[in-house]
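Residue-level listing of the chains:
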Amino acid sequence: MGTPLKKKLPKKPLEVAIAGLKFKNPVMTASGTFGYGAEFAPYTGLEKLGAIVVKGLSLYPRQGNPGPRIVETPCGMLNAIGLQNVGVDEFIEKKLPLLKDVKTHVIANIFGETIDDYMEVARRLDRVKGVSALEINISCPNVKKGGIVFGTDPQEAFRVVSAIRKSTSLPLITKLSPNVTDIKVMVKAAEDAGTDAISLINTLTGMVIDVERRRPVLATATGGLSGPAIRPVAVRMVWQAAQAAKVPLIGMGGIMNARDALEFIIAGAAAVQVGTASFIDPDAAAKVASGIEEYVQRHGVSVRELTGSLKLA
Amino acid sequence: MGTPLKKKLPKKPLEVAIAGLKFKNPVMTASGTFGYGAEFAPYTGLEKLGAIVVKGLSLYPRQGNPGPRIVETPCGMLNAIGLQNVGVDEFIEKKLPLLKDVKTHVIANIFGETIDDYMEVARRLDRVKGVSALEINISCPNVKKGGIVFGTDPQEAFRVVSAIRKSTSLPLITKLSPNVTDIKVMVKAAEDAGTDAISLINTLTGMVIDVERRRPVLATATGGLSGPAIRPVAVRMVWQAAQAAKVPLIGMGGIMNARDALEFIIAGAAAVQVGTASFIDPDAAAKVASGIEEYVQRHGVSVRELTGSLKLA
Amino acid sequence: MQSVESKILYNDRLAEGYFRLGLSWKTPEVKAGHFVMLRLSDGMDPLLRRPFGVFRVIGAKGKSTRGTGIELLYRVVGRGTTILSAKRPGESLGILGPLGNGFPAPQKGRKVVMVTGGMGIVPLYLLAQRLPEGTLLFGARSKKETFLLDEFRELGIKIKTATEDGSAGVKGFVTALLEKELSTDTVVYACGPVGMLKAVSRLCLDAGVQCFVSLERSMACGIGVCLGCAVRTINHEARENRNYKMVCSDGPVFDGKDVDWELL
Amino acid sequence: MQSVESKILYNDRLAEGYFRLGLSWKTPEVKAGHFVMLRLSDGMDPLLRRPFGVFRVIGAKGKSTRGTGIELLYRVVGRGTTILSAKRPGESLGILGPLGNGFPAPQKGRKVVMVTGGMGIVPLYLLAQRLPEGTLLFGARSKKETFLLDEFRELGIKIKTATEDGSAGVKGFVTALLEKELSTDTVVYACGPVGMLKAVSRLCLDAGVQCFVSLERSMACGIGVCLGCAVRTINHEARENRNYKMVCSDGPVFDGKDVDWELL
Ligand SMILES: Cc1cc2nc3c(=O)[nH]c(=O)nc-3n(C[C@H](O)[C@H](O)[C@H](O)COP(=O)(O)OP(=O)(O)OC[C@H]3O[C@@H](n4cnc5c(N)ncnc54)[C@H](O)[C@@H]3O)c2cc1C
Ligand SMILES: Cc1cc2nc3c(=O)[nH]c(=O)nc-3n(C[C@H](O)[C@H](O)[C@H](O)COP(=O)(O)OP(=O)(O)OC[C@H]3O[C@@H](n4cnc5c(N)ncnc54)[C@H](O)[C@@H]3O)c2cc1C
Ligand SMILES: Cc1cc2nc3c(=O)[nH]c(=O)nc-3n(C[C@H](O)[C@H](O)[C@H](O)COP(=O)(O)O)c2cc1C
Ligand SMILES: Cc1cc2nc3c(=O)[nH]c(=O)nc-3n(C[C@H](O)[C@H](O)[C@H](O)COP(=O)(O)O)c2cc1C
Ligand code: FES
Ligand code: FES
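Residues numbered from 1 in each chain as written. Chains lettered and ligands numbered in written order. Predicted model: local features only at pLDDT ≥ 70, side-chain atom pairs only at ≥ 80, totals over all residues. Heavy atoms only, no water.

Each copy of the sequence occupies a distinct position, and chain B is placed on chain A by a rotation of 180 degrees and an axial shift of 0.0 Å, giving an RMSD of 0.0 Å. What the rotation and shift describe, once combined, is the action of a two-fold rotation axis. An overlap of 100% is found between the interface residues of chain B and their copies at the interface of chain A, pointing to a shared contact surface. (Least-squares fit on C-alpha atoms with pLDDT ≥ 70 in both. Contact = heavy atoms within 4.5 Å.)

Before going further, it helps to spend a moment on the site of ligand 4. In the vicinity of ligand 4, 25 residues are found, and the nearest of them are Ser 31, Lys 175, Gly 227, Gly 254 and Thr 276 of chain B. Around ligand 4, the nearby residues trace back to chains B and C. At 3.3 Å, a backbone N or O of Gly 56 of chain B approaches an oxygen atom of ligand 4. The backbone of Ile 201 of chain B places a nitrogen or oxygen atom 3.0 Å from an oxygen atom of ligand 4. Look at ligand 4: alone it shows 610 Å² of surface, and the protein chains cover 98% of it. A per-class count over the shell around ligand 4 returns eight nonpolar, 15 polar and two charged. (Near = heavy atom within 4 Å. Polar contact = N/O pair within 3.5 Å; in protein donor to acceptor, adjacent residues only side chain to side chain. Areas by Shrake-Rupley, 256 points an atom, 1.4 Å probe, with all protein chains shown as cover. Nonpolar A, V, L, I, M, F, W, Y, C, P; charged D, E, K, R; others polar.)

Residues and elements named next belong to chain C. Taken together, 19 residues surround ligand 1, and among them Arg 50, Pro 51, Leu 73, Gly 80 and Thr 81 come closest. For ligand 1, an oxygen atom lies 2.6 Å from a polar atom in the backbone of Pro 51. Between Gly 53 and ligand 1, the recorded distance is 2.9 Å, taken from a backbone N or O atom to a nitrogen atom. Look at ligand 1: alone it shows 850 Å² of surface, and the protein chains cover 73% of it. The dominant element in the shell around ligand 1, judged by the number of residues it contributes, is strand 4 (residues 50-53), at four residues. Here the shell around ligand 1 is built from residues that sort into nine nonpolar, five polar and five charged. When residues of the shell around ligand 1 are assigned to domains, at least three map to each of domain 1 (2-99) and domain 2 (111-263). (Helix = DSSP H or I, 4+ residues; strand = E, 2+ residues; numbered from the N terminus. Domains from an automatic or database assignment.)

Let's shift gears to the pairing of strand 8 (residues 133-137) of chain B. Residue and element names in this part refer to chain B. Counted residue by residue, strand 8 has five buried out of five residues, so it is predominantly covered. Neither face of strand 8 is exposed, since Ala 133, Glu 135 and Asn 137 on one face and Leu 134 and Ile 136 on the opposite face are all buried. Direction of pairing for strand 7 (residues 105-110) relative to strand 8: parallel, over a ladder of four bridges. Counted as the bridge partner of Ile 107 is Ala 133 from strand 8. When strand 8 meets strand 11 (residues 172-175), the two strands line up parallel, connected through four bridges. Each residue of the ladder has a partner; that of Leu 134, found in strand 11, is Leu 172. (Buried < 20%, exposed > 50% of the residue type's maximum accessible area, 1.4 Å probe, protein only. Pairing = 2+ DSSP bridges.)

What follows is the structure in structure tokens.
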């Protein structure tokens, strides 16, 4: 199967360019699943990664939610961490320096509860050495707007991304929520606001109930569903987004191995992120990268050529 | 755990009332997963079911989609059957009579490509002996409106349900799609249009790619995701719908056993439907019913009391 | 038809990646070409049952002394079959069956030619057991991929082999062998890779010979209700002449001339 | 810390639902209170690894001749542990560890009292092995639920039992035993049900005795990155004095007085 293309494999067949940056391979870690990066050094080769996307950063340190914060679900997990993080300043001072000798890109994932929050975080990261790009997590409720989620309302998404665009010269990746009727509308909103790339999907909102106690298992009632369970939805959304997008896409959702990652690339993603899989195998992302390399060699086709190469009947 | 309530268990603790009908227990089969009912007679006791919901019916027989129509996914499956069915007339003449001696409700699931289609199917089923209610599948593209899906646009949902409301005296259950930003808006639309009950969720749209061939596995590219993978999303949506709904809810999505079904009931469903599980065990729905009975006895609480009994922190 | 738990009597490795599975089962009558759906894991992944043809009935009249039931033969190709290959005697599996239409018995006086390759040989054994005589044509890439031939020989079946590399029998495709066997009183039963079935079907159609093929499709339910395992068929009499049949309940055996091979 | 595949040396049933698992592992140094995360299935369901305390180190200096590595002790409570209980010697498991902070060694001259119940006994064995002497207080509902006591006795540990039904030791809760053991030179190590830990902690706090508790929480990563296993702790010096610590990486052992028991 898969007749190998006869033509010559281009040089650096794994390399991809997104938002003006070159990545040695298309495999990044997903925010919130890889800590601040250095935690994984004992278990994997950080330099094997195309990029490290760190835990979402806010203006001030955040405590996060009470426990239980996680619960396993069929082929997946729910989390309600509550975006616990050390805050942007401590990240810059203490966490980022740990990665200074690691030859890969570091992407800072950021969020806020108001547009001002977002802008200020972006501003503080601007021109910080060692930060290659910002990924904007818009799956947060806008507290000023009565909790409406930035990521499910195209106007709010446009406003927050436009504002950040003005606060930083760093390349911007807008990370979309899957909890929407039409992902293309969100793609358009982010593009209109000047994003350089789009990543998707964030978690699907889910809930697990302890029927013996008749209570939600998570202290916050609902949480975000990740893992292989959501992969078919994620691949579909990346494919739909690819029909509309002008900027490059970064696909994720349930990637456990190279085969899974290739689904996203073929559907239209220029790169992928590995999330929950890193909990099960801290070397998962590096293994995905080497598996893609094997595929690329076997098929004689570069990742750039594979992107969006899906053939419909 | 689960301190049993001290008070007396009411008579018929499994019985529920929905849309003016009494169901002996809250367990129904989900449309498209139980054929026209009689196919399961060799494997299960049909009378143990609260209701049988039959495969979606259209005005004329439909051939359905080319294959492959199904593909397994992590803890789930995608289907793109294309709503193949014998058509409403043959259903009434040939399929329904096979259930005439089965002492349970039969609910006809209906769909169309235009509002007129829906109305005509509803009209033909009106006053047909042996049909207790209609379940309206609004997860279909409206061909007249350029393919916009009835189930993701509240105005279209309102229009189609209102029209059916006028074509039949049968109780109406509107079945909602989960592929929306805000399920409450859809609940409201269906209620405003006069639905007697709401069932949810239909399948999430998903896609699987054969990376060796770089083609979608399904002939139609995308399909509907069902099975345990989607359960956390389904429970969450039922819980959200319950905050808004005035009419009773029927919950489904990945129910494999009584524990799963109880999640939906506690979240706010008056009854549940068992879908994909019937493929894995044709006796699954009956087993769910007996498992709920065991729970009800053990906890000394009726299903009616359990509905919406979720305690938040 | 029943859905029960069945004990594993044996699960023996035949060759690298090939296993013989004995299942204890007080089965209703099994026809040649019937299949069963097995539940391979207690967990939710893999979720769906997997279809396997019945190789033979064991016990009572059979030769095995290890119990009464059925014997299956399977090849490890993915997650479900990998899990299956690790199961041991005494463990139990959910079994649903017997399912499908099975091969129609040959009419009196017909010369039976069976054509196969790979695991397609499984349902033909039960057919062969019930035949007074017949010929089996086995197509494979090389000698290594031929198997069970001695078992068929013991039943008095004539065996002819075609291998692509010539390492066993004639060099080339099995259809070359088939061509020589076809006469007006022949009936052909074929099970194997879809390409082979298509070629066999075409050959038989051209020669005016009746030909039954056993098809495979991914399945969810196995009992005709999910409508997942559709193949398009041609109804040569009707005007609206193309429609979908279910491999699990209308098949898996179809008359070769009724299958719309374009869509397979 | 490492993430490797490890061979199962033995997986012996101790009692109904209780197993001893020997894993071959060229492990880095293991401290008392360390735990490991095991990958129990190759499939995606169950998806996450499961945490288990290290019971003891085997081989080299240990008594077992079956191999070098670690021994775990587990109780079958759900899907993962059911799968684990069916594994046989020779099969392999993914192992990640050793993880956590472990119990701090007792200061010289301190009288060590260990308090436990149920599987909480697991990490205390390694602690006991490395102690010159000590006392173990075991609380259970009935005699049937007490176990491993002989193993501790062999180490020269004094054992006292409390059962709710009085079928072994004194009748009542283990805290009644503890009360009598507490003096200013005592240090308490506790692992067991959360209710017990809370009661033990309060008792020690009131008596001004240092008390270390080993906590359990559902875990996804085991290495402090998912932030899933949070417990709220009290920093007695700081003004913003409540914050979340991770059981897997800041713990599982905490000073009892620092845990915000309200939220557990
Ligand atoms: C009626 C029928 C009878 C069969 N009889 C036998 C038999 O006697 N012996 C035997 O070894 N196999 C038989 N098969 C095929 C067997 O069902 C598949 O090999 C099995 O389902 C693969 O499961 P898996 O989980 O190991 O593979 P998966 O991990 O599900 O898939 C691995 C590979 O196998 C392919 N595959 C999966 N399911 C099927 C399927 N149903 N049909 C064809 N290809 C599939 C996938 O596309 C993939 O390439 C039969 C199939 C049918 C439909
Ligand atoms: C640091 C640590 C050390 C542990 N050491 C041991 C040990 O030495 N021996 C031992 O038998 N067990 C130990 N446990 C508990 C063990 O991890 C759980 O019993 C196991 O994860 C259950 O998996 P399961 O798939 O069988 O159960 P599941 O099917 O996941 O759940 C079954 C039941 O167990 C509960 N449960 C699930 N995971 C946990 C968990 N992590 N902690 C507490 N309850 C849980 C669930 O709420 C549910 O009620 C330890 C847990 C931790 C956190
Ligand atoms: C425990 C956990 C924490 C997460 N934290 C963040 C976060 O801080 N910011 C963010 O944008 N996404 C966060 N995510 C979402 C992931 O980055 C990713 O979008 C999602 O998990 C889907 O990918 P996966 O299925 O591969 O995990 C988190 C996910 C998990 C499981
Ligand atoms: C093969 C298949 C066919 C289906 N056909 C229909 C249908 O005709 N009408 C409908 O309303 N829902 C249909 N559904 C959706 C189910 O009724 C149900 O809403 C969905 O599968 C979620 O439940 P489950 O996870 O328990 O299967 C179908 C689902 C499957 C898997
Ligand atoms: S497998 Fe369900 S109809 Fe054939
Ligand atoms: S389990 Fe992930 S932080 Fe503790």
